[in-house]
Amino acid sequence: MENQNKKQADKIILTGDRPTGRLHIGHYIGSLLRRVELQNSGEYQKTFIMIADAQALTDNIENPEKVRQNIIEVALDYIACGLDPEKSVLLIQSQIPELCELTFYYMDLVTVARLQRNPTVKSEIQMRNFESSIPVGFFTYPISQAADITAFKATTVPVGDDQLPMIEQTREIVHKFNTVYAPVLVEPEALLQENEARRRLPGTDGKAKMSKSLGNCIYLADSADQVRAKIMSMFTDPLHLQVSDPGHLEGNTVFTYLDAFCTEEHFGRYLPDYANLDELKAHYQRGGLGDVKVKKFLNNIVQETLEPIRNRRKEWEKNIPAIYDILKKGSDQAREVAARTLSEVKSAMRINYFEDTELIRAQSEKFGSSFPVSD
Ligand code: ATP
Ligand code: MG
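Residues numbered from 1 in each chain as written. Chains lettered and ligands numbered in written order. Predicted model: local features only at pLDDT ≥ 70, side-chain atom pairs only at ≥ 80, totals over all residues. Heavy atoms only, no water.

**Observations regarding helix α16 (residues 320-348)**
At 3.6 residues per turn, the α-helix brings residues three or four places apart onto the same side. End to end, α16 covers 42 Å across 29 residues, agreeing with the expected 42 Å (1.5 Å per residue, within 8%). At the exit of α16 stands R350, carrying a positive phi of roughly 65°. (Helix = DSSP H or I, 4+ residues; strand = E, 2+ residues; numbered from the N terminus. Expected span 1.5 Å × (residues − 1).)

Below, the structure written as structure tokens:
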């Protein structure tokens, strides 16, 4: 309970991404943009941003080089979007061995049946055609994610909505741990975008989620031409064949993207015939508004959003060793924090034998041994 009444000064953010590819505009609008705002808000004592390479390996075991190559891609995307290593700790998951130890202990607190109920893991298993050959590490990644979050005593986890089951699982583990052992861990809260379209941006192919694994992404590092080509070939309304036909908004990816990205200022700049998105939607539904016009509008908005990111990325691409240095420093810093939590966890679990002189004294007494032990 006391965890929920934490003062602002105690608020800590942890979030991250799997280095399975470059980051895309779904990451940006669903999570990165928010992270940057939170980082700059001054309301959080610490922000930890994790590149989840160990998690990425759980379903890329035959492709370690992919994970290795994408560490730097993700780090470049972070910095290009405005995550500032002076303000946020950027870390690599595998470099914090304490996270594995925590995971191992948390496994005792979760049942197989509970893991099987996780809807995100279920759909990810399906997507990857794992069926009966699911790697144990993949199946249990929600537990390792709980270790990531709790190691840093994160209060706040800004994520897309596919991650809600993971946060719920983490809260259950925390609750169980604190009840069984001692109140050491902090229950985190998910921070979701209010704007629904931002919580799970669909792919350019109209599939439910833009995802690195599905290859339906507009990447932050795509060139202006690549972005334009992807937008112009985007999925819209299959019934809207002629400009004069009434159009449908449901499942119309271009309009979902507009819901996520567009503001009234964008109309002023690029489409002054309409005051806002409602007017544009109404015209589309009535008929008489072509897909190309809407796509061009969306392209202007996405280009405007991506241009400064792309430029910052190009600058940092000239200084790759500095990025590895940032990641090394961040990982070292994160490791100290995780080690402190692990030590508290181990003493709560009664497995801190050598730091507990009281234990040694009591055992000595029990066996009639001399104490302190002579060498
Ligand atoms: P993978 O296919 O390898 O799982 P991914 O594209 O799903 O990659 P992750 O690294 O798993 O990306 O997710 C990182 C963060 O970005 C999570 O918080 C997730 O909720 C968010 N996110 C991912 N895809 C989207 C999306 N399409 N819309 C909004 N948020 C997203
Ligand atoms: Mg994912």
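**Re the site of ligand 1**
Neighbouring residues of ligand 1: 22 residues in total, closest T20, D162, K209, S211 and S213. A distance of 2.8 Å separates an oxygen atom of ligand 1 from a polar atom in the side chain of H27. Contacts to ligand 1 include K212, whose side-chain N or O atom sits 3.0 Å from an oxygen atom. Relative to its free-state accessible area of 600 Å², ligand 1 is covered by the protein chains to the extent of 97%. (Near = heavy atom within 4 Å. Polar contact = N/O pair within 3.5 Å; in protein donor to acceptor, adjacent residues only side chain to side chain. Areas by Shrake-Rupley, 256 points an atom, 1.4 Å probe, with all protein chains shown as cover.)

**Some words on the environment of F261**
Along the chain, F261 falls in helix α12 (residues 253-261). Residue F261 is classed as buried on the basis of its relative accessible area of 6%. Once residues lying within four places of it in the same chain are set aside, the contact partners of F261 are I25, Y28, I29, L201, H266, I301 and T305. (Buried < 20%, exposed > 50% of the residue type's maximum accessible area, 1.4 Å probe, protein only. Contact = heavy atoms within 4.5 Å.)

**Notes on the pairing of strand β1 (residues 12-17)**
Counting buried residues in β1 gives five out of six residues, a clear majority hidden from the surface. As paired strands, β1 and strand β2 (residues 46-51) are joined by six bridges and run parallel to one another. By the bridge assignment for β2, I12 is matched with K46. Note on the crossover from β1 through helix α1 (residues 25-41) to β2: the handedness is right-handed. (Pairing = 2+ DSSP bridges. Right-handed = clockwise from strand over helix to strand, strands pointing away.)

**Some points on the nonpolar core**
I25, Y28, Y78, L220, L258 and L280 are the most contacted members of the largest nonpolar core, which has 55 residues in total. Looking at this core element by element, the count peaks at nine residues for helix α3 (residues 64-81). Beyond its immediate sequence surroundings of up to four residues, I25 is in contact with L201, M210, I218, L220, Y257, F261 and L306. Grouped together as the second largest cluster of nonpolar side chains are 38 residues, I96, I149, A151 and A154 included. (Core = buried A, V, L, I, M, F, W, Y, C linked by side-chain atoms within 4.5 Å.)

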